[in-house]
Amino acid sequence: RGTCHLNISALHAEGLHRSLVPDDCVLTADIRFTPSLGRDGAYRAVEQIIEKYAKADDRLRIDLAVDPTCIRNPRNATEVSLDAPISQVVARSAAEILGGPRDVICHPAWPDTPVFNDMGIQAVTFGPGSTACYWPDEYVEIGDFISAIKVYALAALDVCRCATVR
């Protein structure tokens, strides 16, 4: 489910003179992959693209490297069942506060949700705004922000009531 996102976040090439084509170029990209593709699948997909271009031009040399930060602090894509208790609690709270059910989507970013899920603590991402986040002009309407706070509070009360009953 969902779509992978690739963000070219930096491109650096410097020639001997501005009128000459540089000898090399460094491109830095960030890939947000889906649970079904996974980290290894995303790496293999990029490798296949590089191999395709390298075969097309034998003068082209491309080195692929994973940023050390991603090795030290890996993030997995995560997916939580719609039937999971946390999913149900958030869905109920959102429906009550927002006046009806909301669409469930694959969020294309990496908040802290996967960290919790990797630790065995089921978590889902819910919040105001759009999925087109992390842009320079990103914003959230105040009313949407207040509504999200109400959903969080109602969900927390629901979870706490469930915890005390058991």
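Here the structure is a predicted model, which means the values were calculated and not measured. (Residues numbered from 1 in each chain as written. Predicted model: local features only at pLDDT ≥ 70, side-chain atom pairs only at ≥ 80, totals over all residues. Heavy atoms only, no water.)

Caption draft 1: Structural context of helix 3 (residues 85–98). Under the 1.5 Å per step criterion, the end-to-end length of helix 3 is 20 Å for 14 residues, consistent within 8% with the ideal 20 Å. Considered for burial, the residues of helix 3 that qualify are Ser 87, Val 89, Val 90, Ser 93 and Ala 94. Mapping the buried residues of helix 3 onto a view down its axis gives an arc of 165 degrees, with all of them on the same face. With respect to the buried face of helix 3, the exposed residues turned more than 90 degrees away are Pro 85 and Glu 96. Backbone geometry just after helix 3 places Gly 99 at a positive phi near 80 degrees. (Helix = DSSP H or I, 4+ residues; strand = E, 2+ residues; numbered from the N terminus. Expected span 1.5 Å × (residues − 1). Buried < 20%, exposed > 50% of the residue type's maximum accessible area, 1.4 Å probe, protein only. Arc of directions from axis to C-beta.)

Caption draft 2: Structural context of the environment of Pro 22. For Pro 22, the position within the fold is in the loop between strand 1 (5–12) and strand 2 (26–32). Among residues more than four places away in sequence, those in contact with Pro 22 are Ala 13, Glu 14 and Gly 15. (Contact = heavy atoms within 4.5 Å.)

Caption draft 3: Fine view of the side chain of Ser 93. Inspection of the secondary structure assignment puts Ser 93 in helix 3. Contact partners of Ser 93, with chain neighbours within four places excluded, come to Val 151, Leu 154 and Ala 155.

Caption draft 4: Structural view of the pattern of salt bridges. Taken as a whole and judged by the stated rule, the model has four salt bridges. One salt bridge connects Arg 92 with Asp 158, and the closest N-O pair in it is separated by 2.8 Å. In this pair, Arg 92 sits in helix 3 while Asp 158 sits in helix 5 (residues 142–165), placing the two residues 66 residues apart along the sequence. (Salt bridge = Lys/Arg side-chain N within 4 Å of Asp/Glu carboxyl O.)

Caption draft 5: Quick look at the side chain of Thr 113. If you trace the backbone, Thr 113 turns up in helix 4 (residues 113–118). In this view, Thr 113 contacts Thr 78, Ala 123, Val 124 and Thr 125; residues no more than four positions away in its chain are not counted.

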